[in-house]
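Descriptive structure summary
So the chains spell out like this:
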Amino acid sequence: MDRDPTAFADVHNHLVPDVDDGARHVEDTLEAVERMTLLGIRKIITTPHIDGRLTLEPEALEERLEEVTDAFELAVAAVAESFPEVDLRRGHEVMLDIPDVDVSDSRMRMAGTRFVLVEWPRLHLPPGTAKVLRRIRDEGHVPVVAHPERYVGIDVEVAGSWREAGALLQVNYGSLDGRYGGEARKLALRLLRRGWVDYMASDFHARPDRHIYREEARAHLEEAGAGEAFVTMTLTNPARILRDEMPIPVSPLPMERGLWVKLRGLLSQESP
């Protein structure tokens, strides 16, 4: 996937047709890929939802993985014909709906690497989240927590415990623009100020009425003097996933040039 080292990547989205709440048809997939290419994104790991409880039911898990594989292969063929410059890979957004989810099947992980995108049900956190992440890490995999900023009642200390457990964090572009409300924006900024965000991605659900928010996020970060961090989170570190390499540290948001005033203004805004 490194055939173009200057291409940006998106590592969390729902482009596989008719397997979750993302793309309905392959036409939706192609429309989404076209929108991404116009933003300079030509490396894509698509991550359809999968329930972790299925890993306790081998037959049900295999049925689900084969369902996604069939749809993904259709998407790959269509994308290769219409957008040959795009390299489309597959992972899953794995629901940690049980504490002992088994992510040993490489099809569940991001482009078959040791990295696995994870989330908890209904944006609520059960007890012992850091322990679950530590178990996944101890088994040789690297959990990437999807959109940590969106969980109800989460604070930076919880996110810090995840990082101490060996997990990485992926923030959605739209969070910086208020897409998920003021609280998600506040936490996203606080995580960025600590340099704790390893990746930014779209979580794009491939619908015509949805927005990718990439350029809005870029504008916010460049205005804040964090253009280099944006590149690290959207180009450098995603490319390292694809090489099965750990991310490089992301520079915390700088506090010079009036940035503190800007952040205080963003943090004080009410949810849209």
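See the structure shown above.
Every residue gets a number counted from 1 within its own chain, in the order that chain's sequence is written. Residues qualify for local features only when their pLDDT is at least 70, as the model is predicted, and side-chain atom pairs are given and counted only at 80 or more; totals for whole chains, interfaces and linings, by contrast, use all residues. To get the side-chain values, take all heavy atoms of the structure and skip hydrogens and water.

Here we come to the sheet that holds strand S7 (residues 142–146). Strand pairing is assigned whenever DSSP identifies at least 2 bridges connecting the two strands. Each helix corresponds to a stretch of at least 4 residues labelled H or I by DSSP, and each strand to a stretch of at least 2 residues labelled E; elements are numbered beginning at the N terminus. Strand order in the open sheet formed by six strands is S3-S5-S6-S7-S8-S9, and the pairing between neighbours is parallel. Edge positions in the open sheet fall to strand S3 (49–51) and strand S9 (199–201), since each of these has one partner strand only. In this sheet, neighbouring strand axes are inclined to one another by 35° on average, regardless of whether the strands run parallel or antiparallel. Pairing analysis gives three bridges linking strand S5 (residues 93–95) to strand S6 (residues 115–119), with the strands arranged parallel. Across the sheet, glutamate 93 pairs through a bridge with leucine 117, a residue of S6. Helix axes are fitted to C-alpha atoms over the stretch in contact, other axes to C-alpha atoms as well, and angles between N-to-C directions run from 0 to 180 degrees.

Running from N to C, helix H7 (residues 214–223) and helix H8 (residues 227–242) cross one another at 140°; their axes reach a closest spacing of 7 Å. For the pair H7 and H8, the contacting residues are Arg214, Ala217, Arg218, Leu221 and Glu222 in the first and Gly227, Phe230, Met233 and Thr234 in the second. In what follows, residue pairs with any heavy atoms lying within 4.5 Å of each other are defined as contacts.

Backbone-to-backbone hydrogen bonds pair the strands of a sheet. The strands run either parallel or antiparallel. What the three strands build is an open sheet, ordered S1-S2-S4; its pairing is parallel. Single-partner strands in this sheet number two, and they are strand S1 (8–10) and strand S4 (87–90). Across the sheet, the mean angle from the axis of one strand to that of its neighbour is 20°, orientation sign disregarded. Sheet topology places strand S2 (residues 41–46) next to S4; four bridges connect them, and they run parallel. Paired with isoleucine 45 across the strands is arginine 89, a residue of S4.

Attention now goes to the pattern of salt bridges. By definition here, a salt bridge exists when the distance from a side-chain nitrogen of Lys or Arg to a carboxyl oxygen of Asp or Glu is within 4 Å. In the structure shown here, the tally under the stated rule is 17 salt bridges. A salt bridge links arginine 89 to aspartate 87, with the nearest nitrogen and oxygen atoms 3.2 Å apart. Arginine 218 is paired through a salt bridge with glutamate 215; the nearest N and O atoms lie 3.4 Å apart. Of the two residues, arginine 218 and glutamate 215 are both situated in helix H7; the distance of three residues between them amounts to about one turn of the helix. With relative accessibility at 34%, the residue glutamate 215 sits in the partly exposed group. In this structure, a network of salt bridges that share partners links the residues Arg214, Glu215, Arg218 and Glu222. Remark: exposure states derive from per-residue accessible area (1.4 Å probe, protein chains only) relative to the maximum for the residue type, with buried under 20%, exposed over 50%, and partly exposed in between.

It is worth spelling out helix H6 (residues 182–193) at this point. What a helix is expected to span follows from its residue count: subtract one and scale by 1.5 Å. Here H6 spans 16 Å end to end across twelve residues, near enough to the 16 Å set by a 1.5 Å rise per residue. Judged by how many residues are buried, H6 sits mostly within the fold: nine of twelve residues are covered. Listing the buried residues of H6 in full gives Gly182, Ala184, Arg185, Lys186, Leu187, Ala188, Leu189, Leu191 and Leu192. Just past H6, the residue glycine 195 takes up positive phi, approximately 70°.

Across soluble globular proteins, nonpolar side chains show a tendency to be buried alongside one another. With 66 residues, the main nonpolar core has Leu133, Val145, Trp162, Met200 and Leu221 as its most contacted residues. In terms of residue count, the dominant contributor to this core is helix H2 (residues 58–82) (seven residues). Setting aside its immediate chain neighbours within four residues, tryptophan 162 contacts Trp120, Leu125, Thr129, Ala130, Leu133, Val145, Pro148, Tyr151, Ile154, Ala167 and Leu169. To define a nonpolar core, start from buried Ala, Val, Leu, Ile, Met, Phe, Trp, Tyr and Cys residues and group those joined through side-chain atoms within 4.5 Å. By size, the runner-up hydrophobic cluster in this structure holds 13 residues, among which are Leu117, Val144, Ala146 and Ile241.

Our next topic: the side chain of histidine 205. Examined against the element boundaries, histidine 205 turns out to sit in the loop between S9 and H7. Residue classification places histidine 205 among the buried positions, given a relative accessible area of 9%. Excluding residues that lie within four positions of it along the chain, histidine 205 makes contacts with His14, Asp21, Gly22, Ala23, His49 and Arg210.

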